[in-house]
Amino acid sequence: MELTRIILLLAFIYLGFSCTCIQGRHPHKKHHPKHSIALPPMADPPSEPPEPMNSTNVPPALSPQPNAAGSDTNSTNSTSPPPLSSPISPGSPGNSTNSTNVPIPFPPAPAPTDAGTDGNSSNSTAIFDVRSFGAVGDGVSDDTEAFESAWVSACQAGSGVLLAPQGYSFKIRSAIFTGPCQSGLVFQVDGIVMPPDGPHSWPQSNSRRQWLVFYRADGMTLQGGGLIDGKGEKWWNLPCKPHKGINGMTLPGSCDSPVALRFFMSSNLTVRGLKIQNSPQFHFRFDNCKNVTIDSIFITSPARSPNTDGIHVENTETVGIYNSVISNGDDCISIGSGSLNIDIQNVTCGPSHGISIGSLGKQNSRACVTNITVRNAVIKHSDNGVRIKTWQGGSGSVSSITFENIHMDTVRNPIIIDQYYCLSKPCSNQTSAVYISDISYTNIRGTYDVRSPAIHFGCSDSVPCTNITVTEVELLPSQGNIISEPFCWNVYGVSETLTIPPVSCLLDGLPRSIMDIEADKCF
């Protein structure tokens with residue numbers, strides 16, 4: 001008996017020593033007992049998921065993961081992980097255990113979807129698919145409430161993404177998406193977004209001056225590979241529109257038409273990669289915004305669609321517009337009063353009315369615009385090239401404007417300052433005017449439509465333009481060989497190089513009244 005006890009004791013010591021040595025070789029390795037259940041491998045994603053996001057048009061964080069179909073996990077179209085050998089309790093998906101009490105290793109299914117992480121990372125991106133909020137996306141149903149609900153949820157989430165997925169057409173009434181939101185909100189349009197079709201389909205209770213408004217949406221990004229279709233044709237054909245009346249005269253009737261996308265009192269905005277077409281009025285409008293970047297967008301509407309400015313900026317500062325193509329029925333880009341530090345590069349315009357500063361000073365108002373740069377642009381088959389337009393009777397100033405490296409292709413007024421802008425002829429003469437100074441035109445080349453001179457400087461009788469500089473300008477007629485002489489009226493400046501046509505009509509020096517004029521300068 002005693003011998004048996006000694007043998008058992010020695011065996012116990014030996015086994016304990018062996019176990020300690022095994023664990024010592026792998027101190028952090030978890031060892032499962034032989035009776036633990038092996039989990040089945042995760043199934044491959046379906047070869048054709050219900051509606052995958054277009055990974056080429058979304059940020060890297062939104063690219064589909066190997067175990068995801070790209071949609072919200074709350075959606076009926078989402079792909080969930082395969083069931084384990086023991087069923088998961090429907091009431092507590094992440095905390096249920098199998099029959100042997102082995103914890104299920106899958107994290108709880110996030111609502112909304114966590115893209116690009118396993119759900120445990122602090123920098124995960126939550127996707128709010130509008131279909132999960134009731135959007136149908138058939139182009140007929142009203143999806144406004146679904147978008148508004150998705151916005152509220154995404155707005156409250158850090159780095160939230162509101163997703164309008166590819167393959168669907170969403171109809172939205174006039175709506176205001178209001179912040180402030182958590183930083184990093186993304187409005188991702190990969191499908192088609194459109195309003196009701198025309199004024200007769202527009203709800204009477206909705207504003208007819210705006211469609212989608214983003215208010216105090218600081219830090220927001222609007223992007224995607226989809227399309228925003230303004231369905232503007234029926235609005236353009238209202239009898240009040242200029243092109244419908246005889247000789248451009250408007251006819252009686254309501255004329256309000258909605259701006260497609262308006263950003264109001266927002267900062268640190270990014271708009272990129274979008275296509276937008278056929279807005280009833282302006283395609284984009286930025287009011288009282290700061291730090292805006294617009295990159296790689298495509299805007300199109302017919303050449304005769306009225307008031308369809310591509311991008312309008314007003315009372316807004318520090319804006320960059322880059323690498324974009326715009327063709328429309330009005331100004332390609334228009335810069336209104338209160339705008340400063342606007343940088344425009346690598347933009348192609350046309351057909352259009354060109355890139356315009358103004359109109360300014362309407363109804364004797366004060367206007368201030370400064371530090372505008374347009375570089376490396378192409379303007380083709382347009383009524384104007386680079387234009388500054390002001391009404392008589394205004395006040396304030398336009399200063400520090402640079403137009404550089406611009407190619408003109410059959411443009412009617414390639415270079416124009418018009419301080420007698422007037423839409424209803426004739427307009428009465430007035431003595432006050434917006435003061436225009438420090439304007440530089442450098443390396444502007446191409447062809448012009450012979451119906452108008454290539455260069456037109458029409459400045460105010462009482463407030464002349466000053467410090468106008470022309471350098472390396474070469475503009476030839478698109479037809480024939482006759483080069484029109486520039487038009488100059490009360491403009492002071494210098495031609496620093498030989499130009500075609502020669503600009504010999506600039507007045508030297510400064511006017512005697514310069515001190516009085518500069519007293520009204522804004523900056």
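Residues numbered from 1 in each chain as written. Predicted model: local features only at pLDDT ≥ 70, side-chain atom pairs only at ≥ 80, totals over all residues. Heavy atoms only, no water.

Going by what an unreviewed UniProt entry lists, the chain is known as Polygalacturonase At1g48100-like and is assigned to Phoenix dactylifera. The Sequence similarities (unreviewed entry) comment attached to the chain in UniProt states, word for word, "Belongs to the glycosyl hydrolase 28 family." According to the UniProt record, the Subcellular location (unreviewed entry) comment for the chain reads "Secreted, Cell wall". (UniProt positions renumbered as here; feature names shortened; annotations may be inferred.)

> Now, about the overall build of the chain: what can you tell me, with residues and values included?
Across its full length, the chain carries 4 helices and 31 strands. Within the chain, the proportion of its 523 residues that are buried is 46%. The long-range share in the chain, meaning contacts at least 24 apart out of those at least 6 apart in sequence, stands at 73%. In the structure as shown, the chain presents an accessible area of about 25100 Å², 53% of it carried by carbon and sulfur atoms. (Helix = DSSP H or I, 4+ residues; strand = E, 2+ residues; numbered from the N terminus. Buried < 20%, exposed > 50% of the residue type's maximum accessible area, 1.4 Å probe, protein only. Contact = heavy atoms within 4.5 Å. Areas by Shrake-Rupley, 256 points an atom, 1.4 Å probe, with all protein chains shown as cover.)

> Before we move on, could you go through the nonpolar core and cite the residues and values that matter?
Counting 98 residues, the largest nonpolar core has Trp 151, Phe 284, Ile 311, Tyr 441 and Phe 457 as its most contacted members. The contact partners of Trp 151, leaving out residues within four places of it in the chain, are Leu 162, Phe 177, Thr 178, Cys 181, Leu 185, Phe 187, Phe 214, Ala 217 and Met 220. With 5 residues, the next largest nonpolar core counts Ala 433, Tyr 435, Ile 514 and Ile 517 among its residues. (Core = buried A, V, L, I, M, F, W, Y, C linked by side-chain atoms within 4.5 Å.)

> Describe the pattern of salt bridges, and please don't skip the residues or the numbers.
Applying the stated criterion across every chain, the model contains 14 salt bridges. Note that Lys 389 and Asp 331 form a salt bridge whose closest N and O atoms lie 3.2 Å from each other. Within this pair, whereas Lys 389 is found in strand E24 (residues 384-390), its partner Asp 331 is found in the loop between strand E19 (317-327) and strand E20 (333-335), the two being separated by 58 residues in sequence. Across the pair, exposure class does not vary: Lys 389 and Asp 331 are buried alike. For Asp 438, the salt bridge is made with Lys 521, and the minimal N-O distance between the two is 3.4 Å. Taken together, the residues span a long stretch of sequence, with Asp 438 in strand E27 (residues 435-448) and Lys 521 in the segment after helix H4 (514-518) at a distance of 83 residues. On the accessibility criterion, Asp 438 (29% relative accessible area) is partly exposed. Relative accessible area serves as the criterion here: at 21%, Lys 521 is assigned to the partly exposed category. Linked through salt bridges whose partners overlap, the residues forming this network are Arg 262, Arg 285 and Asp 287. (Salt bridge = Lys/Arg side-chain N within 4 Å of Asp/Glu carboxyl O.)

> Explain the packing of aromatic side chains residue by residue, including any values.
Aromatic rings in a pair are described by how distant their centres are and how their planes are angled relative to each other. What the rule picks out here adds up to 18 aromatic pairs. Note on Trp 391 and Tyr 421: the rings are 5.3 Å apart at their centroids and 90° apart in plane angle, and the pair reads as edge-to-face. Residue Trp 391 is located in the loop between E24 and strand E25 (395-411), and its partner Tyr 421 is located in the loop between strand E26 (413-418) and E27; the two are separated by 30 residues in the primary sequence. Ring pairs connect the aromatic residues Phe 147, Trp 151, Tyr 168, Phe 170, Phe 177, Phe 187, Phe 214, Phe 263, Phe 284 and Phe 286, which therefore count as one cluster. (Phe/Tyr/Trp six-rings, centres within 6.5 Å; stacked < 30°, edge-to-face > 60°.)

> Go over the state of the cysteines, please, and point to the residues and values.
In the structure shown here, the tally under the stated rule is 7 disulfides. The side chain of Cys 240 participates in a disulfide bridge whose partner is Cys 255; the two sulfur atoms lie 2.1 Å from each other. The disulfide joining Cys 240 to Cys 255 has a torsion of about 90° about its S-S bond and is therefore right-handed. In this pair, Cys 240 is assigned in the loop between helix H3 (233-236) and strand E12 (259-264) and Cys 255 in the loop between H3 and E12, connecting sequence segments 15 residues apart. Take Cys 240: its relative accessible area is 5%, and that puts it in the buried class. You can call Cys 255 partly exposed: its relative accessible area is 32%. (Disulfide = S-S within 2.5 Å.)

> I'd love a proper account of helix H2 (residues 144-156), names of residues and values included.
Along an α-helix, a turn takes 3.6 residues, which lines up residues three or four apart on a common side. A rise of 1.5 Å per residue sets the reference length of H2, with its 13 residues, at 18 Å; its end C-alpha atoms lie 19 Å apart and thus fit the reference within 8%. Turning to H2, its buried residues are Thr 144, Ala 146, Phe 147, Ala 150, Trp 151, Ala 154 and Cys 155. End-on view of H2: buried residues confined to an arc of 160°, all on one side of the axis. Of the exposed residues in H2, the ones pointing more than 90 degrees away from its buried face are Glu 145 and Gln 156. (Expected span 1.5 Å × (residues − 1). Arc of directions from axis to C-beta.)

> Go over the sheet that holds strand E18 (residues 311-314) with me, naming the residues and quoting the values.
Taken in spatial order, the 11 strands of this open sheet run E6-E9-E12-E15-E18-E20-E22-E24-E26-E28-E30, and their pairing is parallel. The sheet is open, and its two borders are formed by strand E6 (175-178) and strand E30 (487-489), each paired with just one other strand. Strand-to-strand twist across the sheet, computed as the mean angle between neighbouring axes with direction ignored, equals 15°. Judged from the 3 bridges that link them, E18 and E20 form a sheet pairing that is parallel. Paired with Ile 311 across the bridge in E20 is Ile 333. Its contacts with the sheet place H2 against E6 and strand E9 (210-215), and it is angled at close to 5° to E6. (Pairing = 2+ DSSP bridges. Axes fitted to C-alpha atoms, helices over the stretch in contact; angles between N-to-C directions.)

> Break down the UniProt feature "active site" (unreviewed entry) in the chain for me, with residues and values.
Feature annotation in UniProt assigns "active site" (unreviewed entry) to the following positions: His 353. As for its position among the elements, His 353 is in the loop between strand E21 (339-349) and strand E22 (355-360). Overall, the relative accessible area of 22% leaves His 353 in the partly exposed class. Ignoring any residue separated from it by four or fewer positions in sequence, one finds His 353 in contact with Gly 329, Asp 330, Asp 331, Cys 332, Asp 383, Asn 384 and Arg 387. A distance of 3.4 Å separates a polar atom in the side chain of His 353 from the backbone oxygen of Gly 329. (Polar contact = N/O pair within 3.5 Å; in protein donor to acceptor, adjacent residues only side chain to side chain.)

> Which residues make up a nonpolar patch on the surface, and what are the values?
Taken together, the side chains of Leu 476, Ile 483 and Ile 500 define a hydrophobic patch exposed on the protein surface, amounting to about 200 Å² of accessible area. Tracing the backbone shows Ile 500 in the loop between strand E31 (491-495) and H4. (Patch = residues over 30% accessible without salt bridge, like charges linked within 9 Å, V, L, I, M, F, W, Y side chains within 5 Å.)

> Outline the confidence of the model for the chain, listing residues and values.
Taken over all residues, the pLDDT of the chain has a mean of 81, while the share at 70 or more is 74%. The low-confidence segment residues 3-111, where pLDDT is below 50, has 98 contacts with residues more than four positions distant or belonging to other chains. Every residue in residues 115-122 scores below 50 in pLDDT, and together they form 11 contacts with partners more than four places removed in sequence or on other chains. (pLDDT = per-residue confidence, 0-100.)

> Can you lay out the environment of Leu 360 for me, pointing to particular residues and giving the numbers?
With respect to the element layout, Leu 360 can be found in strand E22. Apart from residues no more than four positions distant in its own chain, Leu 360 is found in contact with Ile 335, Gly 336, Ser 337, Ala 367, Val 369, Lys 389, Thr 390, Trp 391, Val 398 and Val 434.

> Describe in detail unusual backbone geometry, supporting the description with residues and values.
In this structure, Pro 180 follows Gly 179 across a cis peptide bond, with omega equal to 0°. For the peptide bond that leads from Ile 500 to Pro 501, omega is 0°, which places it in the cis range. Within the fold, Pro 501 resides in the loop between E31 and H4. A positive phi angle, close to 60°, is found at Asn 371, a residue other than glycine. Along the chain, Asn 371 falls in strand E23 (residues 366-380). For Asn 371, a relative accessible area of 35% puts it in the partly exposed group. The phi angle at Asp 438 is positive, at roughly 60°, despite the residue not being glycine.

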